[in-house]
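# Geometric and topological summary
Given next are the chains, with one letter for each unit.
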Amino acid sequence: MTEAPGEGGGAPPGGAPRAENVARLEGVGLSYGKTRALDAITLDLPAGRMVGLIGPDGVGKSSLLSLVAGARKVQQGRIEVLGGDIADATHRRLTCPRIAYMPQGLGRNLYPTLSVFENIDFFARLFGQGREERERRIGELLKATGLDPFPDRPAGNLSGGMKQKLGLCCALIHDPDLLILDEPTTGVDPLSRRQFWELIGEIRRERPGMSVVVATAYMEEAQGFDWLVAMDGGHVLATGTPAQLLESTGAANLDAAFIALLPEEKRRGHKAVVIPPRPADGKEEFAIEAEHLTMRFGDFTAVDDVSFRIPRGEIFGFLGSNGCGKTTTMKMLTGLLPASEGTARLFGREVDPNDIEVRRRVGYMSQAFSLYTELTVRQNLDLHARLFRMAPEAIPGRIEEMARRFGLTHIMDTLPDALPLGIRQRLSLAVAMIHAPDILILDEPTSGVDPVARDGFWQMLSDLSRKDNVTIFVSTHFMNEAELCDRISLMHAGRVLVSDTPKAIVGKRAAATLEEAFIGYLQEAIGASAAPPSPTPGAAGELAPAPAPAAAGRARFDLRRMLAYSRREALELQRDPIRATLALLGTVILMFVVGYGINLDVENLTFAVLDRDDTTLSHDYTQQIAGSRYFIEKPPLRDYGDLDKRMREGDISLAIEIPPNFARDVSRGRTVEVGAWIDGAMPTRGETVRGYVEGMHAQWLTQKARELYGDAATIGDFTIALRYRYNPGIESLIAMVPAVIPLLLMMIPAMLAVLSVVREKELGSIINFYVTPVTRMEFLLGKQLPYVALASLNFLMLVAFAIYVFKVPLTGSFAALSAAALLYVFAATALGLLLSTFMRSQIAAIFGTALITLIPTVQFSGMIDPVSSLQGAGAFIGHIYPASYFVTIARGTFSKGLGFEELGSAFIPLLLAGPILLALSAALLRKQAD
Amino acid sequence: MRAANVLQLGIKELRGLLRDPMLLILIVYSFTVSIYTASTAMPETLNRASISIVDEDRSPVASRIVTAFYPPYFTVPKLITASQMDRRMDSGLDTFALDIPPNFQRDLLAGRAPTIQLNVDATRMSQAFSGGGYVQSIVSGEVNEFLNRYRGETEVPVELTLRTRFNQELNKSWFGAVTNVISSITMLSIILTGAALIREREHGTIEHLLVMPVTPVEIMLGKIWSMGLVVFIATTVSLILIVQGALKVPINGSLTLFLMGTALHLFATTSMGIFLATVAGSMPQFGLLLMLVLLPLQVLSGATTPRESMPQIIQDIMAFAPNTHFVILAQSILFRGAGLTVVWPQFLALLAIGGALFFLSLRRFRRFLR
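Note that the structure is a prediction, hence the values are computed from the model and not measured. (Residues numbered from 1 in each chain as written. Chains lettered and ligands numbered in written order. Predicted model: local features only at pLDDT ≥ 70, side-chain atom pairs only at ≥ 80, totals over all residues.)

## Remarks on the overall build of chain B
For chain B, the count of helices and strands is 15 helices and five strands. Here the C-alpha radius of gyration of chain B, 27 Å, is well above what a compact globule of 370 residues would show, namely 21 Å. Counting only C-alpha atoms, chain B reaches 95 × 45 × 40 Å along its principal axes. The proportion of buried residues among the 370 residues of chain B is 56%. Long-range contacts, defined here as pairs at least 24 residues apart, represent 81% of the contacts in chain B between residues at least 6 apart. (Helix = DSSP H or I, 4+ residues; strand = E, 2+ residues; numbered from the N terminus. Rg over C-alpha atoms; globule rule 2.2 N^0.38 Å. Buried ≥ 20, exposed ≤ 12 C-beta atoms within 10 Å, placed from the backbone. Contact = placed C-beta atoms within 7 Å.)

Written as structure tokens, this is what we have:
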């Protein structure tokens, strides 16, 4: 199945001359926290060969590859790659254009919303290729991989096999001398897998100098490699050609050879899986029945008229290429998805998503590991046991039993993330089994699990089926597993091609193996619908090594690479129109809401009078207040008790008490006291009320003085002319709208920028930054630019709204305002980038950004209280926060008619903020994983 | 619905939270340092209002006026010339500029009613309003005292005795502290529930839950009680240690009653978090939506500026926001010492809003799971 490599050319371990080695490792060690991933590895990888790393999951294969690729920081030891120390940043910068690294996981380093062409194009740009060169190379690669019919399909919609081919295209775009592939075919169906290796073979024939290092869990693939490194527990067990390994262990195949190489305690207990035949009792009870199941998503029919019946206790295998509808069928059986047409029955009862009882009889294990990584093994088991309503007293016993049965006893208090995939899959199965279900539905349970663990897993399935009469419905890509099933169904493009026992299927096609039979069926089905995407021989021949672009990897700052990131970010933004719309439309709505809502001109205050005098004069006094536009009079107060009660209820904000004999005392010139009680619960309001009352009192006094004393009172008469400048109408809108623009242009761009980076961290595509020649500054600036552009557009919209909708006149220089806005959004996005260097999870990033933008802009930036009046830490923040200065400039240009000259002093901090924040981000950003 | 499932699902959420140290740090920060900083930064009444004076008279009465302005209400006034005044105000250096005209004292005594000009930067509205009144009364007071030596009794003998209740010194940090607690409560409860739900979907664990005998109501309630509890505990600790302890804010009313109100508010905001998560397709969209919701909640709930001064339409819309009622409730209970007999309408409103949000998000949540 794999391209036959040149026979016997493997260099003996350690014996190869130095120049022949593409990488040399000396005493390399690596730890994740307390877990030791690699320990004292000394190894030479021969150049120009196809080198395979084999071994179970979690033995350090991926860690080793990421170290060699320079994606991870070297902790211990020395690694020389392509003739230099990979720990040396300069060497990394110079050699990374010669290395290509394809990380583990289907399309983990691809961008799902970008098309096939755009994905490759992005990588080509990162390596500084010109337009013509890019188009030529992409064309050739697409043709060679058979992806040429769908250059415009989004990567997220590709099947697993196609994703891997696309990943290969991206890796090969710059003619690497060293190609590193981490489990490239895990989770890929046999046909695609075969095509993938044929493709690698083609490419190697054309570029014989290229070294390829592959990690794989498929021993039959490793069989065809030139040179193998068998690893276990962070150590190298053995190295050599496949033939040498077989010879030294005396095993018939690599699977057996590997098991023989394992230390004694790991080998113990392993034996080949034998599943006894099912007892043929007469009465057949059907556990699962599907009749004409059909599932449509819009126009797309994912599952088309699928029918089968599975008797109780049978192991039923489900095979098919990626994306053929297996998972969808399983979801319909579990009730996760309601079928568009047809019926599914479990134990004769129709599947009903609301039927809780049926769910208790089913155990489901989904394709991806979907247990809670934040809970320990025991906590996961316990949670599921309780959710399945097991009797609480039975739970500890059952958990112990499961732990023993699935070999989890020693890791009960470990977090799943710290466990190798194989053990995690066992945990998943234990969880699915905890409530002793009658049916197990398993979606690719052994994808990415090594042979030893897989055998153990199937032994368990066998026991469950034969001893406990559990019906097992399982999907798989492994042919040796399919052979273990009682019956299998082959599925393609939503339809079942054939359903029978494995032997009968092989017989029907007159094929030698099940794999051949399977591929035969698939090719027949594909041939009926479309031309097979088989690589055209010779197509790869055009991939002649082009002269290496001189610029790539050399320049410290390359505009083209930066723009590659900008372009990609812009494309992603364009593919997610909701995000851009939210950013643009949302700010306008917010401006509207906040502009109208914040009204500092306090009005409609409630007050009531406790008038113990009740004369014309006392009425005159209260009328002064009641008549103003600020106050609304409420029914009079009866006594102090009433005053207290109504103020406590918040019914009145002000109470006036006029003493008995008020009028008489005033006329006799005796000093009287008018009492005013103000509700101080909300200080700003209390403050305003106090100001109003004092003012009105003074006014009343002057008025009365004139009436009483006539001209004598005019001596010393003077007026204070109040001029409200910049906002003569004292309208809140004029004061607030210019201040809301800085607020919005801080929050939204910072949030977008921080998530653009943290998202890459969480979803894995950050790896492209680690292993391509992009520098930190190029990466940061490239990410920033589209958001600066979006925010600038946003700024223009907000200003237009302010002027034309809110009618807030722009009296000063528009140029000054725009220049300040540009500097400001640059600083705001840089602040987001700085935050992103600290955050790993998107939740923390969202929370952190909300904290660091919302409070300082609303409270410390002079939007309501001027910065000069703040105190303590808030004053400090106000002085260094860029929003403070943009508020000054926005108000200056909008209301005060100012321009560059007058506002110069506010520009300086804005000019500094962006570069300082960006430089800090660059300093804190890591170019390698820790 | 089974209580045991709800309990188990909630415990799972709590365990998950414990594994995210960065998030825990942020929670602690937002309920301690952030509240303390924001509250102490708030100017008490009128604080350090910047003023400069153009003294073109240089008479005794003018110097009386100049010396009447001093910290903490005002900055020490800068004596400037008329030509400097515009420039200083333009660049935002001064909020107030007082211009005492030439021959002010002479004209005053001659009964010619001279005019002092007070320029106010009206773009700084909070200071412009309260400060303007202060400046006027200070100037009047000084002039009057000066005049008392020159003229007979012409005063009307009415004195105004102002008493401020519940917060005698109108200390803004008291109210500010509570406001900041409220913002933190709202922000955190929405983020914790909403983002946790999106994360479950992005990591595929939600699907796993759905094949088990648990219902959407149970999943939702599990998130609501657990995340609500975290915020509830943080609130209680923050009120006792930071608000009452470090900031020394006297609490007049019953803390227990307020915490009961907090629980109701949390019911509403956690439901809102789930609702937003079902609307947002991805984390970035959720982040943006969050900003769009949080800002109006904070600014228009009546915590920043008095609610009664807002346009009627905004008041009406904000009546549907839980924060509005929670802010009223907080003011009433914590400062005015009101009891349940006073705040029951707010309790009822919170319950109604919470209930409506819960059922709305439950409906969306069911569809979201499809």
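## Thoughts on the domain arrangement of chain B
Accessible area lost during the coming together of the parts is what is often quoted as the interface size. The domains assigned to chain B are domain 1 (3–42 + 171–369) and domain 2 (51–148). The distance between the C-alpha centroids of domain 1 of chain B and domain 2 of chain B comes to 47 Å. (Domains from an automatic or database assignment.)

## What about the pairing of strand E20 (residues 495–500) of chain A?
The pairing of strand E19 (residues 487–492) of chain A with E20 of chain A spans five bridges and is antiparallel. Paired with Leu 490 of chain A across the strands is Val 498 of chain A, a residue of E20 of chain A. (Pairing = 2+ DSSP bridges.)

## Comments concerning the UniProt feature "transmembrane region" (unreviewed entry) in chain B
All names here are of chain B. Residues annotated in UniProt with the feature "transmembrane region" (unreviewed entry) correspond here to residues 21–41, 173–199, 219–243, 255–280, 286–305 and 343–362. As annotated, residues 173–199 comprises 100% helix and 0% strand, and the C-alpha atoms at either end are separated by 37 Å. With 100% helix and 0% strand, residues 343–362 has end C-alpha atoms that lie 28 Å from one another. (UniProt positions renumbered as here; feature names shortened; annotations may be inferred.)

## Considering the sheet that holds strand E10 (residues 235–240) of chain A
Residue and element names in this part refer to chain A. Strand order in the open sheet formed by six strands is E6-E7-E8-E3-E9-E10, and the pairing between neighbours is mixed. A single partner strand is all that each edge strand has here, and the edge strands are strand E6 (99–102) and E10. Between one strand axis and the next, the sheet turns through 15° on average, direction left out of account. In the sheet, strand E7 (residues 178–182) pairs with strand E8 (residues 211–216) via five bridges, with the strands oriented parallel. The partner of Leu 178 across the bridge, within E8, is Ser 211. Of the strands in this sheet, strand E9 (227–232) and E10 are in contact with helix H8 (residues 242–249), which crosses E10 at around 110°. (Axes fitted to C-alpha atoms, helices over the stretch in contact; angles between N-to-C directions.)

## A short note on the nonpolar core
Soluble globular proteins: nonpolar side chains tend toward being buried together. All names here are of chain A. Ile 180 and Tyr 824 are the most contacted members of the largest nonpolar core, which totals 380 residues. Of all the elements, helix H26 (residues 732–763) adds the most residues to this core, at 21 residues. Beyond its immediate chain neighbours, meaning those up to four positions away, Ile 180 contacts Leu 65, Val 68, Ala 69, Ile 99, Ala 100, Tyr 101, Met 102 and Val 213. (Core = buried A, V, L, I, M, F, W, Y, C linked by C-beta atoms within 7 Å.)

## Details of the packing of helix H8 (residues 172–202) of chain B against helix H14 (residues 322–335) of chain B
All names here are of chain B. Packing of H8 against H14 leaves a shortest axis separation of 11 Å and a crossing angle of 145°. Considering the relative orientation of H8 and H14, their crossing is right-handed. For the pair H8 and H14, contact is made by Val 178, Ile 182 and Thr 186 and by Asn 323, Phe 326, Val 327, Ala 330 and Leu 334, respectively. Classifying every residue of the contact of H8 with H14 gives six nonpolar, two polar and no charged. (Left-handed = near helix turned anticlockwise from the far one by under 90°. Nonpolar A, V, L, I, M, F, W, Y, C, P; charged D, E, K, R; others polar.)

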